[in-house]
Amino acid sequence: MSNSIVIVGAGVIGLTSALTLKKENKDLDITVIASHLPGDISINYTSPFAGANWQSFAGDDVEVQKIDEIGYHEFIRLADIPTSGVWKKKNVNCVTQKGWDDAQRDPKAFANWFDKLANSRVLEKNELVPGTVYGTVFDGVVISVPIYLSYLVQQCLEIGIVLQRIAPLKNIEDARALHHSGKKASLLINCAGLGVSRLNGLNDKKRTYAVKGQVVLVSNKIDHVICVEGAKHPNEMLYAFPRKEGGTIIGGCFLVDQWSSKEDKTITQRILGRAVRHIPQLIDPATGNPDHLDVVKVNVGLRPFREDGPRIERDSKRPWLIHAYGAGGGGYQGSYGFAEKVARLVRESKPEAKL
Ligand SMILES: Cc1cc2nc3c(=O)[nH]c(=O)nc-3n(C[C@H](O)[C@H](O)[C@H](O)COP(=O)(O)OP(=O)(O)OC[C@H]3O[C@@H](n4cnc5c(N)ncnc54)[C@H](O)[C@@H]3O)c2cc1C
């Protein structure tokens, strides 16, 4: 049996899995195949649209906590590599009076499982963002995704992983024949993100669905992450991430089962309104910014959610198939945890698919 592996998907999950596997075992011969690669912009490709920061949504889910904790340490390490596009940044989280009242003014509602890990503390009154009544800050990281995706590609190419663009697959099984050697792959790893909703042969009773997000890239600058909960509109919030290449990503919304790529202009206006209200330094010439928000573009992306959470497992019917999709709104922060689980499944592969 050969060491050949095909990975479907060149999003953050597929590329990180490829890199992790190859770093662990140089003898693996890996082909990443995908209909979209870094540099492409498509509603069928989520990774280019993320903010992105590390702010785990694991709640009480210990499995997801473990996944995100691995990512926290790895991204903190990557922040020391200038070409990675990762930055250590303070992550400020505040809540409006409405959000505070909705949470029955209970500070416990704003406590997180990672408070100790990320050195979280409650903000003093004079540190609160304007228009908010309570807040915390932790030692976070921001990932500038255009730089980071290209960094992942470079890393993959440098260690001999082959990347190939393909036409969209119809059935996941078809990918096994697409290893660059021409041989049938010993293992196939499915990192197709939301693309699984259009793929046959998945053997998954749970549904994968889109949660639409809309973000605005402005040239105005801030120097750390600011998030504000408690907006009047349901499923909307404010978050602002500085980008390493300049400018700020401002979001956002969380629209469950909405699959449209169309910008909702009223949401854009509300995003910009909240930004000015809570982050006035964005339009303060004294901070080197213009006196208005200079919009570069509006991005719409679909987060790949799955009922009951991510699927990272060996297929129950086909031992040569490993699934790793359903990262939802946390695919960056979870990427190294996903990859580590994939690597464990590869190590545990049965003799007939032995690597
Ligand atoms: C607005 C927004 C903000 C976000 N912010 C954050 C954040 O701050 N932090 C964070 O951690 N995460 C964030 N996310 C979530 C994160 O972006 C996703 O979880 C992550 O990008 C999912 O990556 P993926 O590799 O699973 O999927 P994708 O990036 O969609 O990649 C899927 C790959 O599979 C390929 N593919 C799919 N189907 C087929 C097929 N049939 N044939 C061939 N190839 C196929 C595609 O071409 C692509 O290469 C955000 C998302 C959005 C939309």
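- Going by the annotation in an unreviewed UniProt entry, the name recorded for the protein chain is FAD dependent oxidoreductase domain-containing protein, with Australozyma saopauloensis given as the source organism.
- UniProt annotates the protein chain under Cofactor (unreviewed entry) with the comment "FAD".
- Word for word, the UniProt comment on the protein chain under Sequence similarities (unreviewed entry) is "Belongs to the DAMOX/DASOX family."

1. Structural notes on the pairing of strand β15 (residues 321–325)
Reasoning step 1: Most of β15 sits inside the fold, with five of its five residues counted as buried.
Reasoning step 2: Alternating positions in β15 separate into two faces, Leu321, His323 and Tyr325 on one and Ile322 and Ala324 on the other, with burial throughout.
Reasoning step 3: Across three bridges, the pairing between strand β7 (residues 187–190) and β15 is parallel. Residue pairing in the sheet places Leu188 in a bridge with Leu321 of β15.
Reasoning step 4: Inspection of the sheet shows strand β14 (residues 311–314) paired to β15 by four bridges, in the antiparallel sense. Opposite Arg314, over in β15, you have Ile322 as the bridge partner.

2. Description of the site of the ligand
Reasoning step 1: Residues in close proximity to the ligand total 37 residues, the closest being His36, Ser47, Leu169, Gly328 and Gln333.
Reasoning step 2: The separation between a nitrogen atom of the ligand and a polar main-chain atom of Ser35 is 3.2 Å.
Reasoning step 3: A distance of 2.5 Å separates an oxygen atom of the ligand from a polar side-chain atom of Ser47.
Reasoning step 4: The fraction of the free accessible surface of the ligand (1000 Å²) that becomes covered by protein chains is 98%.
Reasoning step 5: Here the shell around the ligand gets four residues from one element, more than from any other, and that element is strand β13 (residues 295–306).
Reasoning step 6: A per-class count over the shell around the ligand returns 20 nonpolar, 16 polar and one charged.

3. Concerning the side chain of Asp315
Reasoning step 1: Relative to the helices and strands, Asp315 is located in the loop between β14 and β15.
Reasoning step 2: Within the local environment of Asp315, its side chain forms a polar contact with the side chain of His323, the two groups lying 2.8 Å apart.
Reasoning step 3: Those residues in contact with Asp315, other than ones at most four positions away along the chain, are Leu202, Asn203, Leu321 and His323.

4. Some thoughts on the sheet that holds strand β6 (residues 162–165)
Reasoning step 1: Taken together, the six strands give an open sheet; going across it, the order is β6-β2-β1-β7-β15-β14, and neighbouring strands pair in mixed fashion. Strand pairing shows two members of the sheet lacking a second neighbour, β6 and β14, which therefore form its edges. Averaged over all neighbouring strand pairs, the angle between strand axes comes to 15°, with direction disregarded.
Reasoning step 2: Note: strand β1 (residues 4–8) against β7, four bridges, orientation parallel. Pairing of Val6 across the sheet is with Leu188, part of β7.
Reasoning step 3: Of the strands in this sheet, β1, β7, β14 and β15 touch helix α6 (residues 335–347), which is tilted by about 5° from β14.

5. Some points on unusual backbone geometry
Reasoning step 1: Look at the link from Gly51 to Ala52: it is a cis peptide, with omega at -5°.
Reasoning step 2: Among the secondary structure elements, Ala52 is positioned in the loop between β2 (29–34) and α2 (62–78).

The rules behind the values
- Residues numbered from 1 in each chain as written.
- Predicted model: local features only at pLDDT ≥ 70, side-chain atom pairs only at ≥ 80, totals over all residues.
- Heavy atoms only, no water.
- UniProt positions renumbered as here; feature names shortened; annotations may be inferred.
- Buried < 20%, exposed > 50% of the residue type's maximum accessible area, 1.4 Å probe, protein only.
- Helix = DSSP H or I, 4+ residues; strand = E, 2+ residues; numbered from the N terminus.
- Pairing = 2+ DSSP bridges.
- Near = heavy atom within 4 Å.
- Polar contact = N/O pair within 3.5 Å; in protein donor to acceptor, adjacent residues only side chain to side chain.
- Areas by Shrake-Rupley, 256 points an atom, 1.4 Å probe, with all protein chains shown as cover.
- Nonpolar A, V, L, I, M, F, W, Y, C, P; charged D, E, K, R; others polar.
- Contact = heavy atoms within 4.5 Å.
- Axes fitted to C-alpha atoms, helices over the stretch in contact; angles between N-to-C directions.

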